[in-house]
Structure formats: C-alpha cells, structure tokens
Amino acid sequence: MSDDERLRRWRLVLGGEGAEGTGVTLAGVDKGMDEALAALYRDGGGEGGSGRSAGLGGSAPKVARWLGDIRQYFPSTVVQVMQADAIERLNLTRLLVEPEMLEAVEPDVHLVGTLLSLNKVMPDKARTTARMVVAKVVAELERRVAQRTRAAVTGAVNRAARINRPRHRDIDWNRTIRANLKHYQAEHRTVVPERLIGYGRQTRSVQRDVVLCVDQSGSMAASVVYSGVFAAVLASMKCLRTSLVVFDTAVVDLTDQLHDPVEVLFGTQLGGGTDINRAIAYCQGLITRPRDSIFILISDLYEGGVRAEMLRRVATMKAAGVQVIVLLALSDEGQPAYDHSNASALAAMGVPSFACTPDAFPELMAAAIERRDLQPVIEKLGR
C-alpha cells in the first residue's frame with residue numbers, strides 16, 4: 001500500500017478537516033463517504049463535540065437522502081449497521097413512520113423489529129410502505145430457511161414413522177442391527193435379525209403437533225421475526241400441526257394467519273410486560289396428543305407473572321410426555337441476556353434452555369421430532 005493510500009484511509013477514519021495532520025483533502029466519492037460518516041459518527045453521538053459535526057438534524061427528507069447516500073457508498077452489510085446506529089444514536093425512530101424514509105432504508109431483520117414496534121402508532125400513509133419493507137425481508141428469510149427446514153423435518157418424520165415389515169430399500173440398518181445384537185451368530189460372524197426396522201415413507205397424516213410460544217417483549221424483536229417465518233414454513237407441512245402463540249401480558253393466537261407470515265408479524269405487538277405463565281396455560285389447552293407434541297417456548301424467561309405456577313405447568317407438560325424446549329433467542333445474535341434462575345430451574349427438570357440461530361433451527365426441529373438427544377445441537381451452537 002502506498003503512503004498516499006495509507007494517508008487517505010487515515011483521513012477517512014479520523015474525519016474532520018484537520019484530520020490529525022494527514023494533510024489530505026478529499027473529493028468526489030471520498031468526500032461523500034466522509035460526509036455520510038460524519039453525519040452519524042460525530043463525537044458525542046449527535047450531541048456535538050470537537051470531531052465529526054455534520055449531523056442529520058430532525059428532517060425526514062434529509063435523513064432519507066442520507067440513507068440513499070450510504071447505500072451508494074457502502075455494501076449492504078455496512079449499511080444495515082449504520083442504519084441501526086442511526087436509529088439508536090440519533091433517535092430516528094419517529095421518522096420511520098414517514099414513507100420517504102421507509103423507501104430509502106435497506107430492509108433487514110432489525111429494521112422489521114423496529115417497524116413492528118411502531119405498528120400501532122404508524123399513520124395509514126406509512127403502513128403500506130412498511131408492509132412492503134417487511135414483505136421484502138420475509139421473502140428473503142423464507143428463501144434462506146424454507147428448503148432446509150422442509151427437508152430436515154420431512155426426513156425426521158419419515159425416520160420417526162418406522163415400520164417393522166419394511167421393503168428392503170426401506171430398512172434402517174443401523175437401528176435393525178442395534179435391535180438384534182442379541183442374535184449375533186459367532187460362528188457366522190454376523191447378526192441374524194428377527195425384527196426388521198424400516199423408515200416410514202410418504203407419510204400423509206399429521207405426525208407431530210408443534211406449538212411455538214413466542215415472547216414479544218421489546219428485547220425479543222429479532223426472535224419474533226424469525227419465529228413468524230419459521231412458523232409459517234412449518235404450518236405449510238401436512239405432516240405437522242403447527243400453532244403460533246405470541247404473548248406479553250396478554251396472549252394472542254396467530255395460528256389462523258400462518259398462511260401469510262407478513263400478516264403474522266403485523267399481528268404482533270412488540271414491547272410491554274411479560275406473563276409467561278399465562279401464555280403456557282393457554283398453550284396447554286392446545287395440546288391434545290402430549291406424546292406427539294413439541295412445545296417450544298421462545299423467551300428470555302424474565303417472568304412478570306407467577307413464577308412457581310409457570311414452572312409447575314412446564315413440569316406437568318413434561319410429565320405428560322410433551323417434548324419441551326426453551327429457546328432464549330432465535331436470532332443471529334450472540335448469547336442474549338436472560339433470567340438465569342428460571343433457566344436453571346428448567347434445566348433441573350430436564351428442559352434445555354439455549355439460544356438458537358436460524359441456521360440451526362431446522363436441525364433442532366429434526367432432532368426434536370425424532371426425540372433424539374438435543375445436546376449435540378446445543379454443543380454445536382456453543383462453538
């Protein structure tokens with residue numbers, strides 16, 4: 001790298017006309033990039049100071065132009081970070097109800113979460129544009145997760161629906177051998193199976209009931225978005241009966257909207273308190289086949305309701321044969337903040353509580369359907 005290029009980069013990093021003595025004068029694209037960065041990352045996060053000082057002010061058209069600028073100068077991954085920083089540092093949330101702003105943003109999961117939190121105060125003129133933004137993100141997420149989820153779940157259902165008189169091509173040799181080890185013939189050095197175990201094929205009936213119970217408190221925004229998309233994908237599979245319940249201090253059943261994940265997301269209301277016990281009580285009423293049911297609670301476990309009752313309900317479901325899983329988050333983020341006391345209490349009764357990424361969720365569902373040990377999935381997530 002030449003000395004001139006090195007000084008140019010330092011000038012962009014440091015900002016300000018003085019640029020700490022670099023002596024570099026920016027022009028063209030470099031000047032545009034510098035002004036876009038200065039508008040957001042001036043000293044004090046928009047409160048003034050001696051460094052970058054352009055500022056975005058409070059004008060929606062001005063912010064919309066800035067959003068257009070950063071999309072011109074930076075890749076989409078950087079744009080998403082800058083958008084999130086702008087909303088937080090410069091308090092631009094209220095401007096997101098302006099259609100001009102919404103048309104300029106780079107859609108992503110976190111932006112969808114912000115829009116959903118504004119849903120109830122958003123004027124009609126902005127709601128149509130907001131739905132277009134949300135729909136674009138949902139479509140991208142579905143492309144990312146739908147095929148893998150359907151493949152993993154279908155395979156797991158077929159493996160779980162085993163038959164004892166399979167055709168040769170349907171024999172599950174690993175399980176057949178394990179089930180017939182007592183029939184090992186030493187003189188022939190082989191196992192003579194008395195019982196064949198095979199995969200069930202082309203299962204058309206409902207094999208598992210899945211209940212997703214999602215905390216819609218403000219800290220769970222990304223998890224709500226991913227949960228809505230996954231619930232819609234699972235609901236499209238005839239081998240599963242999928243229910244989606246969201247809650248804060250109230251409980252809302254969105255199952256009848258799962259044909260349209262955008263409608264599902266606009267049916268949520270991010271923010272407010274949390275009553276996990278009340279939500280679980282409602283979900284218990286949805287479970288009619290305990291031993292064929294998977295209950296997935298997606299929550300940071302900060303309980304505003306009756307903690308002892310919440311734990312008792314989980315224990316009751318587990319004793320009845322329901323497979324209970326707690327996801328502290330369903331998002332691309334790292335380890336979330338959560339109630340360690342409640343997580344420990346659940347772990348003591350054999351209920352795993354862990355954060356899950358969207359990419360790992362199909363494997364998790366497959367393991368749950370087959371009632372396999374979830375520990376390998378959890379360990380993989382922890383790496």
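Residues numbered from 1 in each chain as written. Predicted model: local features only at pLDDT ≥ 70, side-chain atom pairs only at ≥ 80, totals over all residues. Heavy atoms only, no water.

The protein carries the name VWA domain-containing protein in an unreviewed UniProt entry, which gives Catellatospora citrea as its organism.

So, the sheet that holds strand S7 (residues 323-330)
Judged by pairing direction, the sheet is mixed, and its six strands sit side by side in the order S5-S4-S3-S6-S7-S8 without closing on themselves. The sheet is open, and its two edges are formed by strand S5 (251-253) and strand S8 (353-356), each paired on a single side. For this sheet the average axis-to-axis angle between neighbouring strands, irrespective of direction, equals 25 degrees. Relative to S8, S7 is paired through four bridges, and the arrangement is parallel. Pairing of Leu330 across the sheet is with Cys356, part of S8. Docked against the sheet, helix H9 (residues 221-235) engages strand S3 (208-215), strand S4 (240-247), strand S6 (293-298) and S7, running at close to 160 degrees with respect to S3. (Pairing = 2+ DSSP bridges. Helix = DSSP H or I, 4+ residues; strand = E, 2+ residues; numbered from the N terminus. Axes fitted to C-alpha atoms, helices over the stretch in contact; angles between N-to-C directions. Contact = heavy atoms within 4.5 Å.)

As for the packing of aromatic side chains
One pass over the structure, following the stated rule, counts two aromatic pairs. On the numbers, 6.5 Å between centres and 80 degrees between planes, the contact of Tyr73 with Phe74 is edge-to-face. By relative accessible area, Tyr73 is classed as partly exposed at 21%. Classification of Phe74 by relative accessible area gives buried; the value is 13%. Pairing Phe230 with Phe361 gives two aromatic rings, centres 4.5 Å apart and planes at 45 degrees, and the pair type is tilted. In this pair, Phe230 is assigned in helix H9 and Phe361 in helix H14 (residues 361-369), connecting sequence segments 131 residues apart. (Phe/Tyr/Trp six-rings, centres within 6.5 Å; stacked < 30°, edge-to-face > 60°. Buried < 20%, exposed > 50% of the residue type's maximum accessible area, 1.4 Å probe, protein only.)

Observations regarding the environment of Leu102
Looking at where Leu102 falls in the secondary structure, it is placed in helix H5 (residues 99-104). Judged by relative accessible area, Leu102 falls into the buried class, the value being 2%. Sequence separation of Leu102 and Arg127 is 25 residues, and the distance between their C-alpha atoms is 9.7 Å. The contact partners of Leu102, leaving out residues within four places of it in the chain, are Leu96, Leu115, Ala126, Thr129, Ala130 and Val133.

What about the packing of helix H6 (residues 109-117) against H9?
Angle between the axes and distance between the axes are the two parameters that describe a pair of packed helices. Where H6 meets H9, the closest approach of the two axes is 8 Å, and the angle between their N-to-C directions is 100 degrees. Compared by their axis directions, H6 and H9 come out roughly perpendicular. For the pair H6 and H9, the contacting residues are Val109, His110, Val112, Gly113 and Leu116 in the first and Ala221, Ala222, Val225 and Tyr226 in the second. Taken together, the residues that form the contact of H6 with H9 break down as seven nonpolar, two polar and no charged. (Parallel < 35°, antiparallel > 145°, perpendicular 65-115°, else oblique. Nonpolar A, V, L, I, M, F, W, Y, C, P; charged D, E, K, R; others polar.)

Examining the environment of Ser293
Looking at where Ser293 falls in the secondary structure, it is placed in strand S6. Residue class for Ser293 comes out buried when judged on its relative accessible area of 1%. Between the alpha carbons of Ser293 and Ala368 there is a distance of 9.6 Å; along the sequence they are 75 residues apart. For Ser293, the contacting residues outside a window of four places in its chain are Asp209, Ile287, Val322, Gln323 and Arg371. Among the polar contacts made by the side chain of Ser293, one reaches the main-chain carbonyl oxygen of Arg289 at a distance of 2.6 Å. (Polar contact = N/O pair within 3.5 Å; in protein donor to acceptor, adjacent residues only side chain to side chain.)

What about the confidence of the model for the protein?
Averaged over every residue, the pLDDT of the protein is 82; residues scoring 70 or more account for 85%. Confidence over residues 44-54 falls short of pLDDT 50; this stretch has 25 contacts with residues more than four positions distant or in other chains. (pLDDT = per-residue confidence, 0-100.)

Some remarks on the pattern of salt bridges
By the definition in use, this model includes 12 salt bridges. In this structure, the salt-bridge partner of Asp209 is Arg241, at a minimum N-O distance of 2.7 Å. Of the two residues, Asp209 is situated in strand S3 and Arg241 in strand S4; the sequence distance between them amounts to 32 residues. On the accessibility criterion, Asp209 (5% relative accessible area) is buried. Across the salt bridge formed by Glu309 and Arg313, the nearest N and O atoms sit 3.5 Å from each other. A residue pair is termed a helical-turn pair when its members lie 3 or 4 positions apart in one helix, as Glu309 and Arg313 do in helix H12 (residues 307-320) at four residues. (Salt bridge = Lys/Arg side-chain N within 4 Å of Asp/Glu carboxyl O.)

Overview of the packing of helix H2 (residues 28-41) against helix H4 (residues 76-89)
In contact at an axis separation of 10 Å, H2 and H4 are set at 35 degrees when each is read in the N-to-C sense. Contact with H2, carried on its side by Ala36, Leu37, Leu40 and Tyr41, involves Met82, Asp85, Ala86 and Arg89 of H4 and no other residues of that element. When grouped by side-chain class, the residues that make up the contact of H2 with H4 number six nonpolar, no polar and two charged.

Overview of the pairing of S6
Across the six residues that make up S6, a large majority, six, are buried. Of the two faces of S6, the one carrying Ser293, Phe295 and Leu297 and the one carrying Ile294, Ile296 and Ile298 are both buried. Across six bridges, S3 lies against S6 in parallel orientation. Each bridged residue has a counterpart across the sheet, and for Val214 the counterpart in S6 is Ile298. In this sheet, S7 lies alongside S6 in parallel orientation, the contact comprising five bridges. What sits directly across from Ile298, in S7, is Leu327.

Digging into the side chain of Arg313
Classification of Arg313 as buried rests on a relative accessible area of 18%. Here Asn277 takes part through its side chain, which lies 3.0 Å from a polar atom of the side chain of Arg313. Discounting residues that sit within four places of it in the chain, Arg313 has contacts with Asn277, Ile280, Ala281 and Gln284.

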